[in-house]
Amino acid sequence: MKNFALRFAVLLFGLCPVLLSAGDAEVVRRQFVEYFVQTSSYESSVAKYLDRMNADGTWEDVDYASKRRGSWPTRDHLNRLQSMAVVYADPDARLFLSAELKAAILRGLNHWIEKDYLNDNWWNPEIGVPQTLATTMLLLGEALPDKTLQQAQPILARSSMGKTGQNKVWCAGIALMKGLLYDDEVLSRKAVGEIWSELRVSAEEGIQPDWSFHQHGPQLQFGNYGVSFAGDMVMWASILRGTEHALGGDKLEILRNYMLDGVSWIIWNGRMDISGCGRQNDEGCQADKGRITQKQFQAMQAIDPEFSSQYEKVLQRVGFNGFWRSEMAVQRRLDWYASVKMSSTRVIGAETCNSENMQGRHLGDGTLLLYRDGSEYEDINPLWDWRRLPGTTCDQGMDELTPRGVSGEFGGADFSGVIGDELTGIAAMIYKRDSLSARKATFMFDDHIVCLGSGISGETIGAVYTSVEQSHLKGEVSQSNEWILHNGTAYQFISGQPELRTKTIAGNWSLSFPTRGDRPVSGEVFSLWIDHGKSPVAENYAYRIFPRIPSGDMDFLQLNDSSSVLMNSEIVQAVENDGKVYAVFYEAGELKSSGIQVSGPCLLIVSNETLLVADPTHSLRTLDVSMEGSRVTVELPQGAEQGKTVKVHDF
């Protein structure tokens, strides 16, 4: 692997003056090749591809008859050709400009063009195939015969500019490559404009005002469309440097903010949080998406050198962040990470597409994931009981685990929101699924988390469980009074009797991703839950989680009293911690112990100096808050900023 950041910086800051548009096409072609070559690590694989290719340009281990819609295996043929073309164009590669390698690439291209393999998933013929085909041909440069270029034109023509979000960026990128291949300056110029046009903040698909990313409607898509969006922007910013089309100004600032204030929050110890991965939470996804994102941050140091130190350090950040547009909260400390992912009538909690994520219906139902070294849930999907995702409250008799809806499944209530003071915060929601409902709030502090549930009621098929944890078993589990200790994390139960199980589970990836074949796996799982019984009425729970406890340090557990639960009812859930009151009001009401009264549903953080307010229903214009004779009317954000935290000074 080459020194990515250093080589990128050399390429970017070399003596390359801003060129006139007449010469831009040649510069962009050269820098296109440089970009792909600098990220090359394919030489050992390419040697195998070359050795094993058949005389007709095919491979025995590629499934050319497959019609699978997701991760279409037939496209492996083109992916291999692209890797071969990267090595062919790499001056540092042993096979650089190799006549044998060139001949093999052309055999493979001609085979694909002749057979014109198609797939029912529109994305493959309109984006996936044209993108990989055009990239391979550009990497060949002068070695590409005119005949091959012309024969490929009908396949490339299936892609046209349009669509929204990352789909728009992909299509525009293909158009730019077509412009370079066929010397169409008008198309190239238009395509560049389309690419940069998606560097915008809106309530539509794409980058949101809270720096999250939406695609397929209002749902968080950091890990699939969002990571591709960042990757394409980084790629084109590098390729178009030094030309009149180079990225800069407000567009660069938006990309910077998306990376630093959005994506960075969900990467922990080199892995992407499962709750950020979307439907593509297949085997290896956390590590793969984490690795890709870290490379993007390295690249941004060269693209945006003024902020280089921030890109370098941002993944070590500490604090709380609430994505109010996506209904997700993240707490990062020096040695642990936690997230809560929710949904509502406004925000989709989970989707399935192309037979992906077939068990993920509850991923947006208040899932609370707690990481220390980052491997706690790595590739745990086939071992999970998907009715007991950590943090969720679920009817164990449900047999339908596939997200519903054309673009995914919304939550059942309009109450779902986040609030924070940069270091601590709250995530709260009303959970509704069929006839079961619950008020659920998670309070995230410096050294621990408090989880409250109330009003757990409804007719159910089976018993209702609130899952506290379901992770890989790591070491011994110990219990003492109301405490359970596992892997340096302590669980204290204030109300609700916990049930504990450690067991070797035999699972199979095929249950979540059935089209990708039989992939059995087994492993030991630590499970902790509270059983509310069948068809509960007004049940509740309350527990604390301490993520970093020295093994066996029960003295700390007995002495720790850093927070107190003030109320856990169907109207108010509140906790006092470090002199501040953190409260969730599900309707207008009063927290008598603190003298706080509110005129409507809200989230509050009250301290001696300030009042923080957020509207989790996105329906209020103002909120009246009273405390100890002081009263204030808070003007709440509207439009795309509904749900955002408002700070009131001198309350």
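On a predicted model such as this, the values are computed, not experimentally measured, just so you know. (Residues numbered from 1 in each chain as written. Predicted model: local features only at pLDDT ≥ 70, side-chain atom pairs only at ≥ 80, totals over all residues. Heavy atoms only, no water.)

(A) Spotlight on the overall build of the chain. From N to C terminus, the chain includes 15 helices and 32 strands. Projected onto its principal axes, the C-alpha coordinates of the chain cover approximately 80 × 55 × 45 Å. For the chain, buried positions account for 60% of its 651 residues. Taking the contacts inside the chain whose residues are at least 6 apart along the sequence as the reference set, 67% of them involve residues at least 24 apart. Here the chain has roughly 24,900 Å² of accessible surface; of this, 48% comes from carbon and sulfur atoms. Looking at charge distribution, the chain has the averaged site of its 61 positive side-chain charges lying 5 Å from that of its 83 negative ones. (Helix = DSSP H or I, 4+ residues; strand = E, 2+ residues; numbered from the N terminus. Buried < 20%, exposed > 50% of the residue type's maximum accessible area, 1.4 Å probe, protein only. Contact = heavy atoms within 4.5 Å. Areas by Shrake-Rupley, 256 points an atom, 1.4 Å probe, with all protein chains shown as cover. Lys, Arg positive; Asp, Glu negative; His and termini not counted. Charge placed at Lys NZ, Arg CZ, Asp CG, Glu CD.)

(B) Looking closely at helix 5 (residues 99-115). If you check helix 5, its first and last C-alpha atoms are 24 Å apart, about what 17 residues at 1.5 Å a residue would give, namely 24 Å. Taken residue by residue, helix 5 has L101, A104, I105, L106, G108, L109, H111, W112 and I113 as its buried positions. Tucked inside the fold, the buried residues of helix 5 contact helix 3 (43-52), helix 4 (76-88), helix 6 (123-140), helix 7 (146-151) and helix 8 (153-156). The N-capping residue of helix 5, defined by a side-chain oxygen 3.3 Å from the backbone nitrogen of E100, is S98. (Expected span 1.5 Å × (residues − 1). Polar contact = N/O pair within 3.5 Å; in protein donor to acceptor, adjacent residues only side chain to side chain.)

(C) Structural context of the pairing of strand 7 (residues 337-341). When you tally the buried positions in strand 7, you get five out of five residues, the bulk of the element. Here strand 7 shows no split at all, with Y337, S339 and K341 on one side and A338 and V340 on the other all buried. Pairing of strand 6 (residues 328-332) with strand 7 involves five bridges; the strand directions are antiparallel. Looking across to strand 7, one finds that R332 is bridged to Y337. As consecutive antiparallel partners, strand 6 and strand 7 are separated by four residues. (Pairing = 2+ DSSP bridges.)

(D) A look at the pattern of salt bridges. Taken as a whole and judged by the stated rule, the model has 32 salt bridges. The closest approach of N and O atoms between R291 and D288, which form a salt bridge, is 2.4 Å. One end of the pair, R291, and the other, D288, are both in helix 13 (residues 285-303), three residues apart, so they sit about a helical turn from each other. Residue R291 is classed as partly exposed on the basis of its relative accessible area, which comes to 43%. For D288, a relative accessible area of 35% translates into the label partly exposed. (Salt bridge = Lys/Arg side-chain N within 4 Å of Asp/Glu carboxyl O.)

(E) Focus on the state of the cysteines. By the definition in use, this model includes zero disulfides. A disulfide-free cysteine, C394 has its sulfur positioned 17 Å from the sulfur of C451, the nearest such atom. The exposure class of C451 is buried, given its relative accessible area of 2%. (Disulfide = S-S within 2.5 Å.)

(F) Layout of the sheet that holds strand 30 (residues 622-627). Within the open sheet, the four strands sit side by side as 26-27-30-31. Their pairing is antiparallel. Strands with a single pairing partner mark the edges of an open sheet, and in this sheet they are strand 26 (589-591) and strand 31 (630-635). Going from strand to strand, the sheet's axes swing by 20 degrees on average, the running direction of each strand aside. As defined by bridge partners, strand 26 adjoins strand 27 (residues 596-598) across three bridges and the pair is classed as antiparallel. When the bridges of strand 27 are listed, L591 appears paired with I596. (Axes fitted to C-alpha atoms, helices over the stretch in contact; angles between N-to-C directions.)

(G) Region of interest: the side chain of S264. With respect to the helices and strands, S264 occurs in the loop between helix 12 (249-261) and strand 3 (267-268). Here L260 takes part through its backbone oxygen, which lies 2.7 Å from a polar atom of the side chain of S264. When near neighbours in sequence (up to four residues on either side) are disregarded, S264 contacts M259, F297, V314, L315, R317 and R332.

(H) Quick peek at the pairing of strand 15 (residues 449-457). The element strand 15 is extensively covered by neighbouring structure, given that eight of its nine residues are classed as buried. Relative to strand 22 (residues 539-546), strand 15 runs antiparallel, the two sharing six bridges. Bridge pairing in strand 22 places V450 opposite R544.

(I) Summary view of the sheet that holds strand 32 (residues 646-649). Spatial strand order, 23-24-25-28-29-32: six strands in an open sheet with antiparallel pairing. Strands at the two margins of the open sheet, each flanked by one partner only, are strand 23 (563-568) and strand 32. Geometrically, the sheet is characterised by an average inter-axis angle of 15 degrees between neighbouring strands, direction not taken into account. Note that strand 24 (residues 572-577) and strand 25 (residues 580-585) share six bridges and pair antiparallel. Note that in strand 25 the partner of A574 across the bridge is A583.

(J) Spatial organisation of the environment of G349. Here G349 shows up in strand 8 (residues 348-350). Remark: the alpha-carbon pair of G349 and D365, spanning 16 residues in sequence, is separated by 6.9 Å. The residues contacting G349, other than those within four sequence positions of it, are K341, S343, L363, G364 and E409.

(K) Representation of the environment of W236 in the model. Positionally, W236 belongs in helix 11 (residues 222-239). Along the sequence, W236 and Q31 sit 205 residues apart, while their C-alpha atoms lie 9.7 Å from each other.

(L) Representation of the packing of aromatic side chains. What the rule picks out here adds up to 27 aromatic pairs. Look at F32 and F36: their rings are 4.8 Å apart centre to centre, the planes differ by 40 degrees, and that puts the pair in the tilted class. Placement of the pair is F32 and F36 together in helix 2 (residues 21-38), with a separation of four residues, close to one helical turn. Judged on exposure class, the residue F32 and its partner F36 are both buried. Aromatic pair Y49 and W59: ring centres 6.1 Å apart, planes at 70 degrees, arrangement edge-to-face. One end of the pair, Y49, is in helix 3; the other, W59, is in the loop between helix 3 and helix 4, and 10 residues separate them in sequence. (Phe/Tyr/Trp six-rings, centres within 6.5 Å; stacked < 30°, edge-to-face > 60°.)

(M) Up close: the nonpolar core. Ranked by internal contacts, the top residues of the largest apolar core, which has 146 residues, are W196, W236 and Y258. In contact with W236, other than residues within four places in its own chain, are F32, G173, L176, M177, I195 and W196. (Core = buried A, V, L, I, M, F, W, Y, C linked by side-chain atoms within 4.5 Å.)

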